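# Fold and geometry: a report
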Amino acid sequence: MSIQTKAVYIETFGCQMNKSDSEHMFGLLEEIGYQSTSDIQLADLMILNTCAIRQGAEDKVFSYLGQWHRLKKSRPGSLIAVGGCVAQDYGEQLIKQSPGVDIVFGTHNLHRLPELVLKAGQTGKVVVEIAQQLPEDLPEIPVIRQNSVSAWVSIIYGCNYNCTYCIVPYVRGRERSRTLESIVQEVKELDQQGFIEVTLLGQNVTAYGNDLSPSIHLGNLLESLGAQTDIKRLRFLTGHPRDLTIPIIEAVAKVPQACENFHIPIQAGDDRTLRRMARGYKVDTYRQLVEQIRAYIPDAAITTDLIVGFPGETDQEFMNTVSLVEEISFDGCNTAAYSPRSHTPSANWDQQVPEELKHERLRFLNSVVNDVAKKRNQPYLGKKVEILVEGYSARNNTHLTGRTRTNKIVNFPGTNELIGKLVSITITGANPWSLIGTQQHSEDSCELISN
Ligand code: SAH
Ligand code: SF4
Ligand code: F3S
């Protein structure tokens, strides 16, 4: 008897971890006869993979579920499942707030999705299953990747910090690293399948291996991957500055495949704010870290995350963050207005900064971030750089888009035979968030960018 194929549609909010989890959901569901569809109107199963990092992301969940509930009525027998960080936080409560939801599963029991879907389908009853932690033995979960050039590989789950604004430790639990052997094996397979680039993922990827016995560090993993696989590019995302140690920086400098890009969220450029955020470092410690990175790898791109309007943040303290962006000269910054989250201490503090002021600060900071990023891109002009071509540019279908080793987006005229290839591009234009280039037809090697 052949299994009847059904269609699953997944909408993913949040970070790369969530996007990677969605690829694993596709893999798991294929085993029970589901194929992916990009048209929600055709879906027998609609999954919302949610993010709880800010209130806006959480609100989006309920507005989507309202629309999906209406859609479901026009497709009798279809199911709605909610996973990810909001599901982990709300559990049963989500059903009460969102009629029409059939399945709620959390961040720790992704591997149970097929069972839960079958159960909901067979019984017609709502199924809620949330686990408080990952299983003792981390399950190897099948995956169907949505990109054939660049792959995500989760190496550590959870976070052991308790930053006073952040919900992640509550919804993702304590740090759990995968073994070095299982990661090396996965990357070998990706190379054999033709992938060019691998991004190692974790909520705190720089803490990789602390919980293994004997303990190892991210540098050891990069070295093993460099020595034992032929993958062309290795990246990692996202880490805590305290855990980015010299041996890790040395490994990035030494392993040829490790790309010259460090995403190290600082959050604020002010010591009192950092202390109240419980970040565990001072601005000066961070400055030294940047100096060390630039001493080992002068061309490295350094990007960061910043929060404005943390409770009690004064104008002066905010301006300290702005000055730091100019002083460090970040290649790029993800910026956000502080959002009070449940289960976090700072949500209940007095002196919440008014919304209007937070947004005024955010606009000002963003203009400085853009100016600084644009300046950082100037030295690329006229240089030849290696680009991994990812596909057509979303804005212009005569242009391809790809990234430098330093993770700069480059758009250039070209056609589809270059997709998935490493090509040499001469940079002719620089915007704050992307570069423009033209392809070289010579066999010349690429130069690195020096400032
Ligand atoms: N582990 C990383 C960050 C992961 S969360 C680190 O330690 O830095 C991703 C980003 O979301 C954070 O860097 C932070 O800038 C932002 N973020 C987290 N909680 C937030 C909140 N309550 N309000 C606004 N932004 C927040
Ligand atoms: Fe959140 Fe990052 Fe702090 Fe962990 S280290 S609590 S993920 S901001
Ligand atoms: Fe959001 Fe959860 Fe990632 S809260 S940022 S999806 S870890």
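It should be emphasised that the depicted structure is a prediction, and the values quoted were computed from it without experimental measurement. (Residues numbered from 1 in each chain as written. Chains lettered and ligands numbered in written order. Predicted model: local features only at pLDDT ≥ 70, side-chain atom pairs only at ≥ 80, totals over all residues. Heavy atoms only, no water.)

### Looking at the overall build of the protein
We count it as follows: Strands here mean DSSP runs of E at least two residues long; helices mean DSSP runs of H or I at least four residues long; both are numbered from the N terminus. With the radius of gyration taken over C-alpha atoms, the globule rule is written as 2.2 Å times the number of residues to the power 0.38. Exposure classes here rest on a 1.4 Å probe applied to the protein chains alone. A residue is buried below 20% of its type maximum, exposed above 50%, and partly exposed in between. Here, residues are in contact when the closest pair of their heavy atoms is within 4.5 Å. In these tables, accessible area is a Shrake-Rupley quantity obtained with a 1.4 Å probe, and a residue counts as shielded only by the protein chains included in the view. We score Asp and Glu as negative and Lys and Arg as positive, and we do not count His or the chain ends. Throughout, a charge is located at the NZ atom of Lys, the CZ atom of Arg, the CG atom of Asp or the CD atom of Glu.
Counting its secondary structure elements, the protein contains 13 helices and 19 strands. For 451 residues, the compact-globule formula gives about 22 Å, and the C-alpha radius of gyration of the protein, at 23 Å, lands near that figure. Along the first, second and third principal axes, the C-alpha set of the protein runs to 65 × 60 × 50 Å. In the protein, which comprises 451 residues, the share counted as buried stands at 54%. Sequence separation of 24 or more characterises 73% of the internal contacts of the protein that already satisfy a separation of 6 or more. A total of about 20200 Å² of accessible surface is found on the protein, and carbon and sulfur atoms cover 49% of it. Charge-centre separation for the protein: the mean point of 44 positive side chains lies 3 Å from the mean point of 52 negative side chains.

### Concerning the sheet that holds strand β14 (residues 332-337)
To be explicit about the condition: Note on pairing: two strands pair once DSSP finds at least 2 bridges between them. Note on method: axes are straight lines fitted to C-alpha atoms, helices fitted across the in-contact stretch only, with angles between N-to-C directions ranging 0 to 180 degrees.
A sheet is described by the order of its strands in space; here three strands give the open sequence β12-β13-β14, paired in parallel fashion. Strand pairing shows two members of the sheet lacking a second neighbour, β12 (261-263) and β14, which therefore form its edges. Averaged over all pairs of adjacent strands, the angle between strand axes in this sheet comes to 10°, irrespective of strand direction. The sheet contact formed by β12 and strand β13 (residues 301-308) spans three bridges and is parallel. Bridging from a neighbouring strand, H263 pairs with T303 of β13. Contacts from helix α11 (residues 283-296) reach β12 and β13 within the one sheet, and its direction differs from that of β13 by about 160°. Contacts between helix α13 (residues 355-377) and the sheet are confined to β13 and β14, with β14 contributing the most and set at about 175° to the helix.

### Considerations on the packing of aromatic side chains
For the record, the criterion: For this analysis, a ring pair means two rings from Phe, Tyr or Trp (six-membered ring only for Trp) whose centres lie within 6.5 Å, classed as stacked if their planes differ by under 30 degrees, edge-to-face if by over 60, and tilted for the remaining angles. Consider the ring centre and the ring normal. A charge sits over the ring if Lys NZ or Arg CZ is within 6 Å of that centre and within 35 degrees of that normal.
Inspection of the entire model under this criterion finds eleven aromatic pairs. Summarising the aromatic geometry, the rings of F13 and Y64 are spaced 5.0 Å apart at their centres and angled 85° between planes, so their arrangement reads as edge-to-face. Pair noted here: F13 is in the loop between β1 (6-12) and α1 (16-30) and Y64 is in helix α2 (residues 55-73), with a separation of 51 residues, a long-range link. A ring pair is formed by F310 and W349, whose centres lie 5.7 Å apart and whose planes are at 85°; its orientation type is edge-to-face. Taken together, the positions of F310 in the loop between β13 and α12 (315-328) and W349 in the loop between β14 and α13 put the pair 39 residues apart, joining distant regions of the chain. Classification of W349 as partly exposed rests on a relative accessible area of 31%. Grouped by ring-pair contacts, the aromatic residues Y9, F13, Y64 and W68 constitute a single cluster. The ring of F13 carries K60 above its face, with NZ or CZ at 4.2 Å from the centroid.

### Focus: the site of ligand 1
Condition: Put simply, a residue is near a molecule or strand once any heavy atom of it comes within 4 Å of that molecule or strand. Any N or O atom pair separated by 3.5 Å or less is treated as a polar contact, with the protein-specific requirement of one donor-capable and one acceptor-capable atom, and with residues adjacent in sequence counted only for side-chain atom pairs. Three categories are distinguished: nonpolar for Ala, Val, Leu, Ile, Met, Phe, Trp, Tyr, Cys and Pro, charged for Asp, Glu, Lys and Arg, and polar for the others, with Gly belonging to the last.
As a structural note, the neighbourhood of ligand 1 is formed by 16 residues, with R54, Q203, Q267, D305 and S339 the closest of them. A distance of 3.0 Å separates a nitrogen atom of ligand 1 from a polar atom in the side chain of R54. Contacts to ligand 1 include Q267, whose side-chain N or O atom sits 2.7 Å from an oxygen atom. Compared with its free state, where it exposes 540 Å², ligand 1 has 89% of that area covered by protein. Mapped onto the shell around ligand 1, the elements with two or more residues apiece are β13 and β14. Here the residues of the shell around ligand 1 sort into seven nonpolar, five polar and four charged.

### Some points on the nonpolar core
Under the convention used in this document: Among buried residues, those of type Ala, Val, Leu, Ile, Met, Phe, Trp, Tyr and Cys that are joined through side-chain atoms within 4.5 Å constitute a nonpolar core.
I155, L200, L218 and F262 are the most contacted members of the largest nonpolar core, which totals 68 residues. Non-local contacts of L200, meaning those with residues more than four positions away in its chain, are made with V153, I155, I183, V205, L218, L221, L222, L225, R235, F236 and L237. I40, M46, L94 and I167 belong to the second largest nonpolar core, which has 24 residues in total.

### Regarding the domain arrangement of the protein
Interfaces are often described in size by the accessible area the parts lose on coming together. We apply this condition: For each domain, the first and last residues come from an automatic or database assignment. As used here, buried area is the combined drop in accessible area, with a 1.4 Å probe, of two parts when they are placed together. Note on definitions: salt bridges are taken to be side-chain nitrogens of Lys or Arg within 4 Å of carboxyl oxygens of Asp or Glu.
Per the domain assignment, the segments making up the protein are domain 1 (6-129), domain 2 (260-376) and domain 3 (381-450). At the junction of the two partners, domain 1 supplies six residues and domain 2 supplies seven residues. Counting the surface domain 1 buries against domain 2, the share from its top three residues, R54, Q55 and D89, is 77%. Across the domain 1-domain 2 interface, the total number found is one salt bridge. Linking E58 and R341 is a salt bridge whose minimum nitrogen-to-oxygen distance equals 2.5 Å.

### Structural notes on α11
Selection rule: Expected helix span is computed as 1.5 Å times (number of residues minus one). Here, the arc refers to the directions that run from the helix axis to the C-beta atoms.
Across its 14 residues, α11 extends 20 Å between first and last C-alpha, which sits within 8% of the 20 Å expected from 1.5 Å per residue. Residues of α11 that are buried include every one of V283, Y286, L289, V290 and I293, and no others. Angular distribution of buried residues about the axis of α11 spans 115°; they occupy a single face of the element. Exposed and facing more than 90 degrees away from the buried side of α11 are E291 and A295. Those residues of α11 that are buried are in contact with α9 (246-254), β12, α10 (271-276), β13 and α12.

### Thoughts on the sheet that holds strand β6 (residues 127-129)
The six strands lie next to each other as β2-β1-β3-β4-β5-β6, forming an open sheet whose pairing is parallel. Both outer strands of the open sheet, β2 (34-36) and β6, are each paired with one neighbouring strand and no more. Mean inter-strand twist for the sheet, computed between neighbouring axes without regard to direction, equals 20°. Pairing geometry for strand β3 (residues 45-50) and strand β4 (residues 79-83), over five bridges, is parallel. The residue of β4 that forms the bridge with N49 is G83.

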